[in-house]
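Listed below, chain by chain, are the residues.
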Amino acid sequence: MWLYILVGAVCLAVGLVLGFFIARRYMMSYLKKNPPINEQMLRVMMTQMGQHPSQKKINQMMKAINNQMK
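Owing to the predicted nature of the structure, the values given are computational and were not obtained by experimental measurement. (Residues numbered from 1 in each chain as written. Predicted model: local features only at pLDDT ≥ 70, side-chain atom pairs only at ≥ 80, totals over all residues. Heavy atoms only, no water.)

1. Thoughts on the environment of proline 36
Then step 1. In this structure, proline 36 sits in the loop between α1 (2-33) and α2 (39-48).
Then step 2. Once the C-alpha coordinates of proline 36 and glutamine 48 are considered, the two residues, 12 residues apart in sequence, prove to be 18 Å apart.
Then step 3. Once residues within four sequence positions are removed from consideration, proline 36 is found in contact with Leu31, Met41 and Met69. (Helix = DSSP H or I, 4+ residues; strand = E, 2+ residues; numbered from the N terminus. Contact = heavy atoms within 4.5 Å.)

Pasting the structure below:
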C-alpha cells in the first residue's frame, strides 16, 4: 500500500518539475518573439508623463529594457 503512495508522490513531483521548466521555456520564447513593450508604447507613456521624448532617449530606454530582459 505504501509503495503506491510513494510512486504517486514521486510521479507528482516529477510532473510538477517538468511542467515548471516547460512552461518557463515557453514563456521565455513567447516574450522574446512578442516583447511586452515597443517604441511606440514607450513614446506614448513618456508623452503621458509630460515628457517630450527624443529618438535618442527612446533608443536608450529600449536598449536598457532589452538588456534587463536578458
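2. A short note on a nonpolar patch on the surface
Then step 1. A cluster of nonpolar side chains, contributed by Trp2, Leu3, Leu6, Val7, Val10, Val14, Leu18 and Ile22, occupies part of the molecular surface with about 820 Å² of accessible area.
Then step 2. Its location among the elements puts leucine 3 in helix α1. (Patch = residues over 30% accessible without salt bridge, like charges linked within 9 Å, V, L, I, M, F, W, Y side chains within 5 Å. Areas by Shrake-Rupley, 256 points an atom, 1.4 Å probe, with all protein chains shown as cover. Salt bridge = Lys/Arg side-chain N within 4 Å of Asp/Glu carboxyl O.)

3. Re the packing of aromatic side chains
Then step 1. With the rule as written, the count across this model stands at two aromatic pairs.
Then step 2. Each ring, one from phenylalanine 20 and one from phenylalanine 21, has its centre 5.2 Å from the other, and the planes form 75 degrees; the classification is edge-to-face. You'll find phenylalanine 20 and phenylalanine 21 in the same group, each marked exposed.
Then step 3. Considering the side-chain rings of tyrosine 26 and tyrosine 30, the 6.5 Å spacing of their centres and the 25 degrees angle between planes classify their relative orientation as stacked. Of this pair, tyrosine 26 and tyrosine 30 are both found in helix α1, four residues apart, which corresponds to roughly one turn of the helix.
Then step 4. The partly exposed category is assigned to tyrosine 30, whose relative accessible area is 41%. (Phe/Tyr/Trp six-rings, centres within 6.5 Å; stacked < 30°, edge-to-face > 60°. Buried < 20%, exposed > 50% of the residue type's maximum accessible area, 1.4 Å probe, protein only.)

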